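# Geometric and topological summary
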Amino acid sequence: MARKKIALIGAGNIGGTLAHLAALKGLGDIVLFDVVEGVPQGKALDLSQCGPVEGFDARITGSNDYADIAGADVIIVTAGVARKPGMSRDDLLGINLKVMKAVGEGIAANAPDAFVICITNPLDAMVWALREFSGLPHTKVVGMAGVLDSARFSHFLAEEFQVSVKDVNSFVLGGHGDTMVPVLEYSTVSGIPVSDLIAMGFSTRERIDAIVQRTRSGGGEIVGLLKTGSAFYAPATSAIAMAESYLYDKKRVLPAAAHLTGQYGVDDLYVGVPIIIGKDGVEKIIEISLTDEAKTNLAVSVDAVKELLVACKAIDGSLA
Ligand code: APR
């Protein structure tokens, strides 16, 4: 069986980390693509030289030519600019929208059968625009946010309850912004709901509310500390989990930005919801029942995504 091919569009912090993880996990051969000459080639050479130590055979190459992504099975997009302190994800919109146009056209011309995972921010708008520019089926283009946001939530909950993070299962819905919706009702420790853990004295509602808030601004906290860019290890790990579910037809249930066509009362928008990822891409969108509070919060989050799309359409008339 021929090796799978993973194309990474954007060879910056996340792109390099993605390549490292994909090689260590033996997902396939890897192409790092970037507009900057030398960076993808240099990172590819450096990463290739991990092979003898780690014992992986992946062929890792760097390129500035979209032709080299031809035949990719999975494409992960991080091209664009990242946040600096004081910037919101939405501040990136104008620059990254133009980048999505170039990337979408590059994918359409060279790898239209790929499963595409977008990470570029502002995520929910960029994945929508990337799908529009590429023309790929909606089931083959998803956005990575929910896995990351849930991982952040789970990490904080595990610390609070002082339990293994392996046993924490948490859930974040909505847009990948300050309005995201960590859903307590579906967050558990080995099946025990957070509300029960509060009742048992593991924590208090006030402390959990603070964790919800910290999760919402989890990316900003890291931007504030790094000062020169945004998070990259956990975003890369999260996208790789999605890629693995596709490549190995695992049918994992993961929160991700998927194209909604009426689910949750939302039409033609990418919003974070639970989906099943398998060999056909987004195989199912799962519509869970929500409390009134979660519904209200989701509506606020959806409105924020809608506003971003209005801004996208104003910048690029072809999207209107
Ligand atoms: N085509 C391909 N690559 C591009 C393009 C383009 N048109 N424009 C910029 N790039 C490249 C840059 O040259 C850089 O190498 O994208 C890379 C981005 O890397 P970083 O600046 O290190 O950003 P990173 O931390 O990887 O984040 C990328 O993901 O989480 C989001 O908000 C984050 O939008 C940002 C993206």
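Residues numbered from 1 in each chain as written. Predicted model: local features only at pLDDT ≥ 70, side-chain atom pairs only at ≥ 80, totals over all residues.

## Examining the nonpolar core
In plain terms, the rule: Definition of nonpolar core: a set of buried Ala, Val, Leu, Ile, Met, Phe, Trp, Tyr and Cys residues joined via C-beta atoms within 7 Å. Three exposure classes are used, all based on how many other C-beta atoms lie within 10 Å of a residue's own C-beta (placed from the backbone): buried at 20 or more, exposed at 12 or fewer, and partly exposed between those limits. In this entry, domain limits derive from an automatic or database-based domain assignment. Working definition of a contact: two residues with C-beta atoms, positioned from the backbone, lying within 7 Å.
With 97 residues, the main nonpolar core has Leu8, Ile75 and Cys118 as its most contacted residues. Taken domain by domain, the makeup of this core includes at least three residues from each of domain 1 (5-144) and domain 2 (146-313). In contact with Ile75, not counting residues within four places along its chain, are Ala7, Ile9, Ile69, Ile107, Ala111, Ala114 and Val116.

## As for unusual backbone geometry
Put simply, the rule reads: Per the convention used, a helix needs a DSSP run of H or I reaching at least four residues, while a strand needs a run of E reaching at least two, with both numbered from the N terminus.
Residue Pro122 is bonded to the preceding Asn121 through a cis peptide linkage, with omega at -5 degrees. With respect to the helices and strands, Pro122 occurs in the loop between strand S5 (115-118) and helix H5 (123-134). Positive phi, normally seen in glycine, also occurs at Gln162, with a value near 55 degrees. Structurally, Gln162 can be placed in the loop between helix H6 (146-161) and strand S7 (168-169). Judged by the 8 C-beta atoms lying within 10 Å of it, Gln162 falls in the exposed class.

## Brief notes about the pairing of S5
The test is simple: In short, DSSP must find at least two bridges between two strands for them to pair. Clockwise travel from the first strand over the helix to the second, with the strands pointing away from the viewer, marks a crossover as right-handed.
Every second residue of S5 is oriented toward a common face, with Phe115 and Ile117 on one face and Val116 and Cys118 on the other, all of them buried. Of the pairings in the sheet, the one linking strand S4 (residues 74-77) to S5 comprises four bridges and is parallel in character. Bridge assignment links Ile76 to a residue of S5, and that residue is Ile117. The parallel pair S4 and S5 is bridged by helix H4 (residues 93-110), and the resulting crossover is right-handed. Here three bridges tie S5 to strand S6 (residues 141-143), and the two strands are oriented parallel to one another. Bridged to Val116 within S6 is Val141. Taken together, S5, H5 and S6 constitute a β-α-β crossover, and its handedness is right-handed.

## Here we look at the environment of Leu18
With respect to the element layout, Leu18 can be found in helix H1 (residues 13-24). Distance from Leu18 to Met200, taken between C-alpha atoms, is 40 Å for residues 182 residues apart in sequence. Apart from residues no more than four positions distant in its own chain, Leu18 is found in contact with Leu8, Ile76, Ala236, Ala239 and Ile240.

## With respect to the domain arrangement of the protein chain
By the assigned domains, the protein chain splits into domain 1 (5-144) and domain 2 (146-313). Relative to domain 2, the C-alpha centre of domain 1 lies at a distance of 22 Å. The partner domain 2 presents 38 residues to the 36 residues of domain 1 that form the contact. In terms of residue count, the dominant contributor to the side of domain 1 that touches domain 2 is H5 (seven residues).

## Considerations on the packing of H6 against helix H10 (residues 233-247)
Let me state the cut-off plainly: Convention adopted: a line fitted to C-alpha atoms gives each axis, helices being fitted over their contacting stretch, and angles between N-to-C directions are expressed from 0 to 180 degrees. An angle counts as roughly parallel when it lies under 35 degrees, as roughly antiparallel when it exceeds 145, as roughly perpendicular when it falls between 65 and 115, and as oblique in every other case. Throughout, a crossing is termed right-handed when the near helix is turned clockwise from the far one, and left-handed when it is turned anticlockwise from it by less than a right angle. As a working rule, the residues Ala, Val, Leu, Ile, Met, Phe, Trp, Tyr, Cys and Pro are called nonpolar, Asp, Glu, Lys and Arg charged, and the rest polar, with Gly in that last group.
The contact between H6 and H10 brings their axes to 8 Å, and the two run at 120 degrees. Taken as axis vectors, H6 and H10 run oblique relative to one another. By crossing handedness, the relation of H6 to H10 is classed as right-handed. Two secondary-structure elements touch here, H6 through Val147, Leu148 and Ala151 and H10 through Ala234, Pro235, Ser238, Ala241 and Met242. Here the contact of H6 with H10 is built from residues that sort into seven nonpolar, one polar and no charged.

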